[in-house]
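# Structural features, examined
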Amino acid sequence: MSIPSQKVSSSNKQIYQRLKQAIDLNLRRQIFIAACDDLYLRDCLAARLQAELAADSPDSFPRSPIDYPRFVSLELDLSDPNPWDSIAAWLTQHPPHQNRGGYTRLPGFQILGAEHLTRHSAAVQWSFLSYLRDIEANLQMCESTLLLWVSRPWLSSIEQSAPEFWQWRTGVFEFEGEPTPAKEDGGHSEDGGHSENLGNLRDNGDSGAKLLRLSESGQSPFPDEQVPIPDSPSATTDSKSVELADLVLAAASEELEAENNPASEDNFLPLQTLQYIELLQEHQCCSEALALAYHSLGNCYRDRILGGDASPQNLTIAIGAIEQVIAYLELDASLQSNQPPTDECARLIAQLTQNLTDGAQESHSLPPMDDLLNDLGTFYWMLSRDRTNGSNASDPQSCLERSIALYLEGLNRTDAESAPQTRVRLNKNLGIASADLARYRDKTENLQQAVAAYQQALLDLDPETEPQQYAAAQNNLATAYWNLAQDGEPIAYLKSAIAAYTEALWCYSPEREPLNYAGVQNNLGTACWNLAQHEPSELLLVKAIGAYREALKYRTRELVPAAAAATYNNLGTAYWHLANQFQQKQARTESLQQAITAYEAALDIASELDRTQLTFDTLAARNNLGLAHYQLATDPNFAANKAAQTSHLEAALHHQLQVCAGVGQHLNHKGLTYGDKLNLQAPANSQAADSRQTALSYIVKTIRAFYSECGLQGQNLALSKVPGDLLPEILRRL
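Residues numbered from 1 in each chain as written. Predicted model: local features only at pLDDT ≥ 70, side-chain atom pairs only at ≥ 80, totals over all residues. Heavy atoms only, no water.

## What about the overall build of the protein chain?
Each helix and strand counted, the protein chain has 26 helices and six strands in total. Among the 734 residues that make up the protein chain, the fraction classed as buried is 50%. Across the protein chain, contacts joining residues at least 24 apart in sequence account for 76% of those joining residues at least 6 apart. When the accessible surface of the protein chain is split by element, carbon and sulfur atoms take 48% of a total near 33,900 Å². (Helix = DSSP H or I, 4+ residues; strand = E, 2+ residues; numbered from the N terminus. Buried < 20%, exposed > 50% of the residue type's maximum accessible area, 1.4 Å probe, protein only. Contact = heavy atoms within 4.5 Å. Areas by Shrake-Rupley, 256 points an atom, 1.4 Å probe, with all protein chains shown as cover.)

## Looking at the pattern of salt bridges
With the rule as written, the count across this model stands at 19 salt bridges. Ionic pairing is found between Glu608 and Arg557, a salt bridge with its closest N-O pair at 2.9 Å. You can see Glu608 sitting in the loop between α21 (585–606) and α22 (618–633) and its partner Arg557 sitting in the loop between α19 (538–552) and α20 (561–581), a full 51 residues away along the chain. Sharing partners across several salt bridges, the network here consists of Asp37, Arg152, Glu174 and Glu176. (Salt bridge = Lys/Arg side-chain N within 4 Å of Asp/Glu carboxyl O.)

## Some remarks on the packing of helix α16 (residues 467–485) against helix α18 (residues 514–534)
Running from N to C, α16 and α18 point in directions that differ by 25 degrees, and their axes come no closer than 11 Å. Considering their axes alone, α16 and α18 lie roughly parallel with respect to each other. Where α16 crosses over α18, the two elements pack in a sense that is left-handed. Contacts between α16 and α18 involve Asn475, Thr479 and Trp482 on the former and, on the latter, Val520, Asn523, Thr526, Ala527 and Asn530. (Axes fitted to C-alpha atoms, helices over the stretch in contact; angles between N-to-C directions. Parallel < 35°, antiparallel > 145°, perpendicular 65-115°, else oblique. Left-handed = near helix turned anticlockwise from the far one by under 90°.)

## Quick notes on unusual backbone geometry
A positive phi is found at Asp442, a non-glycine position, where the angle reads about 45 degrees. Following the sequence through the fold, Asp442 ends up in the loop between α14 (420–437) and α15 (443–459). Positive phi values are uncommon outside glycine, yet Glu489 reaches one of about 50 degrees. Along the chain, the position of Glu489 falls in the loop between α16 and α17 (490–507). For Glu489, a relative accessible area of 55% translates into the label exposed.

## A short note on the nonpolar core
Leu477, Tyr501, Leu524, Leu571 and Phe616 are the most contacted members of the largest nonpolar core, which totals 66 residues. Breaking this core down by element, the ones donating at least two residues are α15, α16, α17, α18, α19, α20, α21 and α22. Listed in part, the 43 residues of the second largest apolar core include Leu25, Leu280, Ala289 and Leu297. (Core = buried A, V, L, I, M, F, W, Y, C linked by side-chain atoms within 4.5 Å.)

## A word on the pairing of strand β1 (residues 30–35)
Most of β1 sits out of view: six of its six residues are buried. Neither face of β1 is open: one carries Gln30, Phe32 and Ala34, the other Ile31, Ile33 and Ala35, and all of them are buried. Examined bridge by bridge, β1 and strand β4 (residues 145–150) share six bridges and lie parallel to one another. What sits directly across from Gln30, in β4, is Thr145. Two elements, β1 and strand β5 (residues 171–174), share four bridges in a ladder whose sense is parallel. Along β5, the bridge assignment pairs Ile33 with Val172. (Pairing = 2+ DSSP bridges.)

## A word on the confidence of the model for the protein chain
On average, residues of the protein chain carry a pLDDT of 77, and 75% of them reach 70 or more. This model gives residues 99–103 a pLDDT under 50, and the stretch forms six contacts once residues within four places in sequence are excluded. For the stretch residues 673–681, pLDDT sits under 50, and the model shows 16 contacts to residues farther than four places along the chain or on other chains. (pLDDT = per-residue confidence, 0-100.)

## Details of the packing of aromatic side chains
Centre distance and the angle of the planes are the two values used to describe a pair of aromatic rings. Overall, the coordinates contain seven aromatic pairs when judged by the stated rule. Residues Trp149 and Phe175 carry aromatic rings whose centres are separated by 5.9 Å and whose planes lie at 25 degrees to one another, so their mutual orientation is stacked. One end of the pair, Trp149, is in strand β4; the other, Phe175, is in the loop between β5 and β6 (213–214), and 26 residues separate them in sequence. Neither residue differs from the other here; Trp149 and Phe175 are each classed as buried. (Phe/Tyr/Trp six-rings, centres within 6.5 Å; stacked < 30°, edge-to-face > 60°.)

## With respect to the environment of Leu366
Topologically, Leu366 is positioned in the loop between α11 (343–358) and α12 (369–384). Classification of Leu366 as partly exposed rests on a relative accessible area of 22%. Considered as a pair, Leu366 and Glu288 are 78 residues apart in the sequence and their alpha carbons are 8.9 Å apart.

## Some remarks on α19
Given 3.6 residues per turn, any residue in an α-helix points the same way as the ones three and four places further on. Its 15 residues place the ends of α19 21 Å apart at the C-alpha level, agreeing with the 21 Å of an ideal helix rising 1.5 Å per residue. Between a side-chain oxygen at the N-terminus of α19 and the backbone nitrogen of Leu539 the separation is 3.3 Å; the capping residue is Ser537. (Expected span 1.5 Å × (residues − 1). Polar contact = N/O pair within 3.5 Å; in protein donor to acceptor, adjacent residues only side chain to side chain.)

Below is the structure:
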């Protein structure tokens, strides 16, 4: 086929390159449909495909030596438009050589001429669609690649009237261009001209082209089972291989389909690795070679995950790849076969190893089994934190259980010769996963397992040489203790938490790691405050206040506003408890004023943030702020200063009314009316209803304080600030 000369637009050139790259992978049973209404452009593209794919390029993927060309163009027989017969006829005319020991791969085929069917009878056109519907009976002839060129009207007809063929498609490529009338004789334009590159070809359109639209049906280009590994005790590994190939192809389809994601080597690396795996299986190569290939596939997605793209799809594929690595390594160990590989298998293994060495892979050797188990457990843990909704969403509890089992298995496989860092990673990760599982079931048991795991990790960590890891493990250990204290033995667990947080602070430098240092200081303050609720101690509250203030030096409003707001709220609560439990007169007044300042800072920062970013209850903080103002107003030290007293009472009433309004908004969002609010039964709303009742009680107290300190005029001033819908209830209580 000669190559007619025509200029191709940049958009069509991009689609052509995607099509060529997809075909060039030479995977089994790829079925592509290319739609192009400009027949001159179609002729150029089809001829260019055959010219560029006919021979191996220097850096092409290694193939077994065959006499077949890589790509063949066939004309559709318009009298009997059966593409399968056209392929079968070509194969009959070009039989493979006899007595060949190696595997012979069939060439790819592109079928042209379907656009001429519009000039034939409806019966002929329907027969073409009928032949396409028979695809499953002819899949044996689609072992490599089939590219069907059609016009856009035929593309729609195939989708609607040949759904069986449409479901098997791997991808659809739509080129832009004005329709060209088909020739009467069904021939192709051949002017003998030759263009060195697609930039010298021309078409009639340069509008934005639709990129590759790949199958949404979920059908795999590998619908049949892969060649099983010799002497495999079951077909489990083989079925998982097919399932994993489906996932990789689906992911690649989405990437190629995305218009804002230009094709790159990274997009095709997983597909090229799949091709290695397929050839290794076809040649029945050793399990270790297949494990190496699957490890290469897993590393493709591991790099994406470490780069920030921890999507459920990437995690699922990485998990499947590592599970295959482990399965083949265990199979290799169980077979203990020393049979040398065939020449073809040895060549494929050498080529795979060379590619891993030359490429971006960190190593062309397999890591130890305990490292593989650690990676697999971590991917399951990451999947447990996916919050995707829908029927395909992962079950976090089952993912965490699987993660913990893998970490434990990894620890069981370590011994005295294992690297200490391996045990540290496994124990730290086991602690994190166990603490997460405690949120779902067996809280105490799982938290105790987390504590034991962190303690084991700390035994292998040197705070002098690994201060950051040591501090992180101590912080996690302390947090596990704090969580245990919420359910039982609070004093013992909180003291252990304080000791661990204090130990972590020795290793965190505020200059090098200001946010980590501030986070531990905040946690230390909370543990001290919490212990003071069980063992009342002014010293503990003072220590909590000092820790919060130290944290706020680095948890600034500008740098981490949500964290700063939370710490200010904690600081306000610590000052409020200090004022109410231990201090007298002037010291108490100063602590209440400090509490007011801290609460106001917390609420001011929170007002600029979305509610989902906050880790504390702003209505509770506002209620506490109002209470602090009320306590100052009713303090005997303020009796001589009526202006200050009235100011604090007005502030108290303002914040209490704000709380009542906020709770009312929450309940109204639930579709409840004020008449329902006093008799709420739903657990989800009972806390809001209680908060409203508490706020109403404080409003009544504040109005009474107005009357007590300022007389009837003060009471009337207070009532004038109460919304009309609350007045009846307030007056009843008064």
